[in-house]
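# Architecture and fold: a report
The primary structure of each chain is shown beneath.
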Amino acid sequence: MIRILGGHQTDFARSGADLFGMLREAALGALEAAAVPAEDVQVAHVGNLAGELFAGQAHLGGLVAAIDPAWAMLPASRHEAACASGSMAVLAAMADLEAGFYDVALVVGVELMRNVGAKEAAQHLGCAAWAGREAQSADFPWPALFAEIADEVDARHGLSHDHLAAIAEINHGNALRNPLAQTRSWSYPEGCFGADDVLNPVVEGRLRKYDCGRITDGAAAVVLASDRYGGRGPAIAGWGHRTAPMPLKDRLATRAEYLFPHLRRAALDVYGRAGLRGPQDVDVIETHDCFTITEYVALDHLGLTPPGESWRAIESGMIAFDGGLPVNPSGGLLGLGHPVGATGVRMLHDAARQVSGAAGECQVPGARTALTLNIGGSCTTVALFAVTRD
């Protein structure tokens, strides 16, 4: 069994930090929370998408090794899978621990993004699409690609922007309770989540300002350990990981019961490995919501509703903070923020806090089982974790 001994998240509202500073803060904060001395960490894995583009910095494993003298010869590596980079680092650390190579692993995710303008940041992030083939004419590649997903959902099942607006309102509202959220001090004029071209202008296609996630600087870290180490903490009870061919148009042209069959398969994988029947055995979900349509698609693929009927989970109040299965009580990517390489690690950290009863104002009462879904690209890479307490 792999346990989460402790973790740390930087303040996602803060900007102006450097990559090393954020890595250092997250790593040392996680060690303190886990009560694990630096000398006990035997391997480190880093999640990051575009350090080369935003900061001119690659080879992030070497930066981790520079954090503490005890890590001067620490095995460390960096992992990339677009917005799922952090989860890839988690999976690599789990593999190390389960293979018996090591007993304690540090996982840290980081991204520096607010040191450039919005359009330049969007173009940097576009490197995770198929270069030369996707979103070629778009000013903002990812809003354009996810607008195509929204169009396909509408063509197959119908889609009301009212439901996307409800997701945005729930997640931004949840973020107001989170002391580390990028938008915790924001105020929201009446009607700003709806189809008001002034308050909520169109970004690409049918996606508007409040349908889109944040450009964020930040890092998150967790300390993972095998039972051999003897530490206590929430357990990673199951996982799912699937990757589909990159071209979005090719995937949208495939007709199946679910829009993204590999995402549904990964959801079934995590439930099966964790011994869960499905969402009825889950108390809280932290899911990818880089755009409102991303969470909308996640709801039916995770089994909260039948295929194509995600709107039912929204209209019923199920996913609200006080609903039957709260989704993104942290505020999600929309409200809390989305430093790309850190997001998967942050989700796992928040899941561990939820099942430990340590999530503060974001706590879902009585949560014992949490599920995370982290997505890379246009639903190209998907990774899920089920976290439980003893």
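Cut-offs used in this document
Residues numbered from 1 in each chain as written. Predicted model: local features only at pLDDT ≥ 70, side-chain atom pairs only at ≥ 80, totals over all residues. Heavy atoms only, no water. Phe/Tyr/Trp six-rings, centres within 6.5 Å; stacked < 30°, edge-to-face > 60°. Helix = DSSP H or I, 4+ residues; strand = E, 2+ residues; numbered from the N terminus. Lys NZ or Arg CZ within 6 Å of the ring centre and 35° of its normal. Expected span 1.5 Å × (residues − 1). Buried < 20%, exposed > 50% of the residue type's maximum accessible area, 1.4 Å probe, protein only. Contact = heavy atoms within 4.5 Å. Polar contact = N/O pair within 3.5 Å; in protein donor to acceptor, adjacent residues only side chain to side chain. Salt bridge = Lys/Arg side-chain N within 4 Å of Asp/Glu carboxyl O. Pairing = 2+ DSSP bridges. Axes fitted to C-alpha atoms, helices over the stretch in contact; angles between N-to-C directions. Parallel < 35°, antiparallel > 145°, perpendicular 65-115°, else oblique. Nonpolar A, V, L, I, M, F, W, Y, C, P; charged D, E, K, R; others polar. Left-handed = near helix turned anticlockwise from the far one by under 90°. pLDDT = per-residue confidence, 0-100. Lys, Arg positive; Asp, Glu negative; His and termini not counted.

What follows concerns the packing of aromatic side chains. This model, assessed by the stated rule, comprises six aromatic pairs. Ring geometry for Tyr188 versus Tyr210: centroids 6.0 Å apart, planes at 65 degrees, classification edge-to-face. One end of the pair, Tyr188, is in the loop between helix H7 (161-175) and strand S5 (202-204); the other, Tyr210, is in the loop between strand S6 (207-208) and strand S7 (218-226), and 22 residues separate them in sequence. One aromatic cluster in this structure is built from Trp186, Tyr188, Phe193 and Tyr210. The residue whose ring lies beneath Arg133 is Trp130, and the NZ or CZ to ring-centre distance is 4.1 Å. In this structure, Arg273 packs its charged tip against the face of Trp239, placed 3.7 Å from the ring centre.

Taking 1.5 Å as the rise per residue, helix H1 (residues 19-34) with 16 residues should run 22 Å; its terminal C-alpha atoms sit 23 Å apart, in good agreement. Taken together, the buried positions of H1 are Leu19, Met22, Leu23, Ala26, Ala27, Gly29, Ala30, Leu31 and Ala34. Along its buried surface, H1 packs onto strand S1 (2-9), strand S2 (43-47), helix H2 (51-55), helix H3 (60-65), strand S4 (104-111) and S7. A side-chain oxygen of the first residue of H1 lies 3.1 Å from the backbone nitrogen of Phe20; this N-cap is Asp18. Directly after H1, the chain includes Ala35, whose backbone phi takes a positive value near 55 degrees.

Below, the discussion takes up the pattern of salt bridges. Working definition: two side chains of opposite charge can pair if their charged atoms are close together. Enumeration over the complete set of coordinates arrives at 21 salt bridges. Across the pair Arg14 and Glu25 runs a salt bridge, and its minimum N-O distance is 2.6 Å. A residue pair is termed long-range when its members are at least 10 positions apart, and Arg14 in the loop between S1 and H1 and Glu25 in helix H1 qualify at 11 residues. For Arg14, a relative accessible area of 35% puts it in the partly exposed group.

A word on the sheet that holds strand S11 (residues 381-388). The sheet built from nine strands is open, its strands ordered S3-S2-S4-S7-S1-S8-S11-S10-S9 with mixed pairing. Lying at the two open borders of the sheet, with one neighbouring strand each, are strand S3 (76-79) and strand S9 (284-287). Ignoring strand direction, the axes of neighbouring strands in this sheet form an average angle of 25 degrees. In the sheet, strand S10 (residues 369-376) pairs with S11 via eight bridges, with the strands oriented antiparallel. By the bridge assignment for S11, Ala370 is matched with Val387. On top of the sheet, helix H9 (residues 261-274) reaches strand S8 (235-243), S10 and S11; it is set at about 160 degrees to S8, its chief contact. Set on the sheet, helix H13 (residues 343-355) makes contact with S1, S4, S7, S8, S9, S10 and S11; between it and S10 the angle comes to about 175 degrees.

Time to look at the packing of helix H4 (residues 85-98) against H13. Where H4 contacts H13, the axes come no closer than 5 Å and their chain directions differ by 65 degrees. Between H4 and H13, the angle is such that the two are roughly perpendicular. Across the interface between the two elements, Gly86, Ser87 and Val90 of H4 pack against Gly344, Val345 and Leu348 of H13. Of the residues assigned to the contact of H4 with H13, the class counts are three nonpolar, three polar and no charged.

The contact between helix H6 (residues 141-157) and helix H10 (residues 292-301) brings their axes to 9 Å, and the two run at 45 degrees. One finds that H6 runs oblique with respect to H10. Between H6 and H10 lies a crossing of left-handed hand. Between H6, through Phe146, Ile149, Ala150 and Val153, and H10, the contact on the second element is made entirely by Ile293, Thr294, Tyr296 and Val297. The residue inventory of the contact of H6 with H10, partitioned by class, reads seven nonpolar, one polar and no charged.

The share of residues in the protein with pLDDT of 70 or more is 100%, and the mean pLDDT across the chain is 97. Of all secondary-structure elements in the protein, the lowest mean pLDDT belongs to helix H5 (residues 118-125), at 91, while S9 reaches the highest, 99.

This next bit is on the environment of Ala76. With respect to the helices, strands and loops of the structure, Ala76 is situated in strand S3. Separated by 32 residues in sequence, Ala76 and Ala44 have C-alpha atoms that sit 4.6 Å apart. Once residues lying within four places of it in the same chain are set aside, the contact partners of Ala76 are Ala44 and Gly61.

Among the secondary structure elements, Asp68 is positioned in the loop between H3 and S3. Put simply, Asp68 is tucked away with no salt bridge, and the nearest opposite charge, on Arg24, sits 7.1 Å away. At 2.8 Å, the side chain of Asp68 and the backbone nitrogen of Ala70 are in polar contact.

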